[in-house]
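# Examining the three-dimensional arrangement
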Amino acid sequence: MEFFSYLHHLVCSSCQMKYPIDDVIETCRCGAPLLAEYNYDSLNQRLTKKSLQDRPQTLWRYHEMLPVLDPENVVSLDEHMTGLLPMNRFGTRHGLSNLVVKNEGTLPSGTFKARGSAVGISKAKELGVKGIAIPTNGNAGAAWALYAARAGMPAIVVMPELAPRVPMTECQVSGADVFLIDGTIRDAGTAVSQMVKKNQFYNVSTFNEPYRLEGKKTMGLEIAEQFQWSLPDVIVYPTGGGAGIIGIYKAFRELRELGWIEGPLPRLVVVQSVGCSPLVRAFHNKERTTVEWDNPETVAFGMRVPKPLGDFMILDYLYETNGTALTVTDAEILKAQNQVVRLEGLHVCPEGAAALAGIAKLREQDWVHADERVLVINTGSGLKYIDEAVAEGKLTHLTKDVI
Ligand SMILES: *Cc1c(COP(=O)(O)O)cnc(C)c1O
Ligand SMILES: [Zn+2]
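Residues numbered from 1 in each chain as written. Chains lettered and ligands numbered in written order. Predicted model: local features only at pLDDT ≥ 70, side-chain atom pairs only at ≥ 80, totals over all residues. Heavy atoms only, no water.

Here helix α4 (residues 113-126) crosses helix α8 (residues 212-226) at 130°, and the two axes come no closer than 6 Å. Between α4 and α8, the angle is such that the two are oblique. Crossing handedness for the pair α4 and α8: right-handed. Taken together, the residues of α8 that come into contact with α4 (itself represented by Lys 113, Arg 115, Gly 116 and Val 119) are Arg 212, Glu 214, Gly 215, Lys 216, Thr 218, Met 219 and Glu 222. Considering only residue class, the contact of α4 with α8 consists of two nonpolar, three polar and six charged. (Axes fitted to C-alpha atoms, helices over the stretch in contact; angles between N-to-C directions. Helix = DSSP H or I, 4+ residues; strand = E, 2+ residues; numbered from the N terminus. Parallel < 35°, antiparallel > 145°, perpendicular 65-115°, else oblique. Left-handed = near helix turned anticlockwise from the far one by under 90°. Contact = heavy atoms within 4.5 Å. Nonpolar A, V, L, I, M, F, W, Y, C, P; charged D, E, K, R; others polar.)

Here's what the structure looks like:
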């Protein structure tokens, strides 16, 4: 018998307690995030590398390794596989001959958050939830509001007052109920947990429900397939809550379980902003969890997460893969953002620019060699931030005497 999905059970990321998959479920009784586990033996008999080749180029090509059981429940806006773009000029400028960007900016809503919300909303629909509620720094809310609209499901979004205007408006025009809070994404999270007690909406904040991570996992599955199952040496990720890097690692772990990849995993690199870098601080103190960051402050709002809930996983993966963590300043971010679009024609978001500035620094320190294969994730389109960009190009008002 063939199944659309081989989802089997949920397991606690901390105490290993197992849970069944048929109910709406949030975290483990111990409070830690739950992870989706699949029946890898059956999956291996059903799915081959070759069988993937003729499938549609969207993240649903990996449906056996995703949690949606019935294809009827898939809510989609064309989550196509995102491209790998060589960064030859920017790479050469910074002493790297093999630098590639995976450009997530072309996904629906303009960021990789579409992956998590496509899978998360589909699963929420399958579980019969009546509405979703989400705390966000902006982009996750925009993506979830969009897919909720696609599913015909009501959505509540809570975000900091200081969140960027564009994703805020995206939420509003998609029909979500938007609430602004004087505080950080953590305070927004507290507000959401209060609100869902009253209205019974599904609280889909990062790691409170297990399925958005499965969507983000497809980034790692795509990377492996696009690199012909021979992974790059280094993967650089601009990290906020860390669902992206945890998802990528989970993909590799599952592919290893299937025997599809072997050898050491890529060295994972976390880049954060000087003004909010709890993971970098913990990494350098050789700790296994983070301490909440006071007064987080950075232009790269997606990385403005004072205490990532999955911090212990991220730190583990950094130690395990011989990875590292480093900070960049806002000035370095804006400079890199400018440089990339001028040298490469790619509008990267501030977070993507942070990752690129970070790898340039690591090359300077010789942490990465000139010819290593380096993959940087550009998590979103720079067009969403174009109003805040430093416009350096020449702008002349044409008058008759200039012509
Ligand atoms: C959310 C976000 C991030 C941070 O991603 P995490 O997986 O939560 O660490 C980075 N960049 C952009 C553009 C984002 O929206
Ligand atoms: Zn537990």
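The next thing to look at is the nonpolar core. Among the nonpolar cores identified, the biggest contains 93 residues, and Ile 132, Ile 223, Phe 252 and Leu 255 are the most heavily contacted of them. If one sorts the elements of this core by residue count, helix α9 (residues 243-257) sits on top with eight residues. Residue contacts for Leu 255: discarding those within four places in its chain leaves Met 65, Leu 221, Ala 224, Trp 229, Trp 260 and Ile 261. Membership of the second largest hydrophobic core comes to 29 residues, among which are Val 236, Val 269, Val 328 and Leu 343. (Core = buried A, V, L, I, M, F, W, Y, C linked by side-chain atoms within 4.5 Å. Buried < 20%, exposed > 50% of the residue type's maximum accessible area, 1.4 Å probe, protein only.)

Turning our eyes to something else, we now look at the sheet that holds strand β10 (residues 234-238). Here six strands make up an open sheet; going across it, the order is β4-β5-β13-β10-β11-β12 and the pairing mixed. In this open sheet, the two edge strands, each paired with only one partner strand, are β4 (84-86) and β12 (324-328). If you compare each strand with its neighbour and ignore which way they point, the axes differ by 25° on average. Looking at chain direction, β10 and strand β11 (residues 267-273) are connected through five bridges and run parallel. (Pairing = 2+ DSSP bridges.)

The subject of this paragraph is the sheet that holds strand β3 (residues 34-38). The strand order β2-β1-β3 describes an open sheet built from three strands, whose pairing is antiparallel. Of all the strands in the sheet, just β2 (18-19) and β3 have a single pairing partner and so form its edges. In terms of strand pairing, strand β1 (residues 7-12) meets β3 through five bridges, oriented antiparallel. Residue pairing in the sheet places Cys 12 in a bridge with Leu 34 of β3.

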